[in-house]
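Structural overview for review
The primary structure of each chain is shown beneath.
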Amino acid sequence: MPSYLVNHLAQLEAEAIYVLRETAAQFQRPILLFSGGKDSIVMTWLARKAFWPARIPFPLVHIDTGHNFIETIEFRDQFIKLMEADLKVGLVEESIRQGRVVEETGPNASRNKLQTVTLLDTLAALQADAALGGGRRDEEKARAKERFFSHRNAFGEWDPKNQRPELWNIFNGRKNHGEHFRVFPLSNWTEMDIWQYIKQQNIPLPSLYFAHRRPTIIRSGTLLGLTDFIKLQPGEKAETRLVRFRTVGDATCTGAVESSATTLDHIIDEVAAARVTERGGRADDRRSETAMEDRKKEGYF
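Let me begin by describing the structure that accompanies this report. (Residues numbered from 1 in each chain as written. Predicted model: local features only at pLDDT ≥ 70, side-chain atom pairs only at ≥ 80, totals over all residues. Heavy atoms only, no water.)

1. Remarks on the packing of helix H1 (residues 8–26) against helix H2 (residues 38–51)
Viewed as axis vectors pointing N to C, H1 and H2 meet at an angle of 70°, and their least axial separation amounts to 9 Å. As judged from the angle between their axes, H1 and H2 are roughly perpendicular. Only Met43, Leu46, Ala47, Lys49, Ala50 and Phe51 of H2 make contact with H1, whose side of the interface consists of Glu13, Ala16, Ile17, Leu20, Arg21 and Ala24. For the contact of H1 with H2, a count of residues per class yields nine nonpolar, no polar and three charged. (Axes fitted to C-alpha atoms, helices over the stretch in contact; angles between N-to-C directions. Helix = DSSP H or I, 4+ residues; strand = E, 2+ residues; numbered from the N terminus. Parallel < 35°, antiparallel > 145°, perpendicular 65-115°, else oblique. Contact = heavy atoms within 4.5 Å. Nonpolar A, V, L, I, M, F, W, Y, C, P; charged D, E, K, R; others polar.)

Structure follows, in structure tokens:
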């Protein structure tokens, strides 16, 4: 008698593909937010599976702060070619030049929050009515409140108390003119699921995720990799450490972890033993107790 049992990764994959296809069916101009991080890489991989042998039917959109790790941008361009996808880039630098946002100053300055305006402007320019994101509910308490289809009003704002019910995985994408949705196919995945799926599918990744030696400093409790965008302050001294990054974002606020994990098996073992979430090293999330939720209410990812 045939067995209809499937493992948890196959179930998660099927669920994510279902959400991706529902997005393509319910919206006219969906886009996929791509950062070059592991979650958006997995989501793009799933999108290719969902519509194979056709190409991914919506563009990938990268909101570029201009303060990215070099490894991320190099990988982004290679991966886009591999996926045969269409890439659109929104530049925070352009928003600054236009006076749409004001750049922060000081030792802890970051362009991470400025991405919100650039994102909303880019969505408006593309006339996007849905933006697929790689957010997962296990990452952070604000993201745990998200539905698969997360409604945004005409100003791009998120109201966690005014979301649609999603009983029996029935998704309601109805909206008024000017409104849009953020869609999260990976909502039910965990960091461990992501790594196990990457290993199973042999998905390429930026080198930042694996242990490597680089100059670092500890600032406000965060281990930062030195780049051209981080200037040493009086009393600070760079030290070369063996580190890797659990999450990839703006280099000015994305913390590294000391690690010797150079293979996927080593990373999976490390994640299994971790007692701090992957965003625990993000300086931007520690600006206040509700930092992520406040940004999301304004239109952040």
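Continuing now.
2. With respect to the side chain of Arg241
As for its position among the elements, Arg241 is in strand S9 (residues 239–244). In this structure Arg241 comes out as buried when scored by relative accessible area, which is 12%. At 2.6 Å, the side chain of Arg241 and the side chain of Thr216 are in polar contact. Excluding its chain neighbours within four sequence positions, the residues that come into contact with Arg241 are His212, Arg213, Arg214, Thr216, Ile217, Ile218, Leu223 and Glu258. (Buried < 20%, exposed > 50% of the residue type's maximum accessible area, 1.4 Å probe, protein only. Polar contact = N/O pair within 3.5 Å; in protein donor to acceptor, adjacent residues only side chain to side chain.)

3. Topic: the sheet that holds strand S2 (residues 60–64)
Spatially, six strands are ordered S3-S2-S1-S4-S6-S5 in an open sheet, and the strand pairing comes out mixed. Looking at which strands have only one partner, the edges of the open sheet turn out to be strand S3 (87–91) and strand S5 (149–152). Within this sheet the neighbouring strands show an average axis-to-axis angle of 30°, counted without direction. With three bridges connecting them, strand S1 (residues 30–33) and strand S4 (residues 130–132) associate as parallel partners. From the neighbouring strand, Pro30 faces S4, where its bridge partner is Ala130. Across the sheet, H1 is in contact with S1, S4, S5 and strand S6 (180–183); its angle to S5 comes to roughly 40°. Across the sheet, helix H3 (residues 70–83) touches S2 and S3, and the angle it forms with S2 is around 170°. (Pairing = 2+ DSSP bridges.)

4. Some words on H2
Here H2 contains 14 residues, and its C-alpha end-to-end distance of 20 Å stays within 8% of the 20 Å for a straight helix at 1.5 Å per residue. Judged by how many residues are buried, H2 sits mostly within the fold: twelve of 14 residues are covered. In this structure, the buried residues of H2 make contact with H1, S1, S2, H3, S4 and helix H6 (191–201). (Expected span 1.5 Å × (residues − 1).)

5. Section: the packing of aromatic side chains
Considering all chains together, one arrives at twelve aromatic pairs under this definition. Taken together, a centroid distance of 5.6 Å and an interplanar angle of 50° make the contact between Phe27 and Phe181 tilted. Here the residue Phe27 occupies a position in the loop between H1 and S1, and Phe181 occupies one in strand S6, the gap between them amounting to 154 residues. Side by side, Phe27 and Phe181 carry an identical accessibility label, which is buried. With 5.8 Å between their ring centres and 5° between their planes, Phe34 and Phe79 make a pair best called stacked. Remark: Phe79 occurs in helix H3 and Phe34 occurs in the loop between S1 and H2; sequence separation between them is 45 residues. The burial state of Phe34 is the same as that of Phe79; both residues are buried. The positively charged end of Arg137 is found above the aromatic ring belonging to Phe148, 5.1 Å away from the centroid. (Phe/Tyr/Trp six-rings, centres within 6.5 Å; stacked < 30°, edge-to-face > 60°. Lys NZ or Arg CZ within 6 Å of the ring centre and 35° of its normal.)

6. So, the sheet that holds S9
One open sheet holds the four strands; their spatial order is S8-S7-S9-S10, and the pairing between them is antiparallel. Of all the strands in the sheet, just strand S8 (222–225) and strand S10 (257–258) have a single pairing partner and so form its edges. Bridge analysis of strand S7 (residues 212–219) against S8 gives four bridges, and the strand direction is antiparallel. Counted as the bridge partner of Thr216 is Gly225 from S8.

Geometry only, nothing functional implied.
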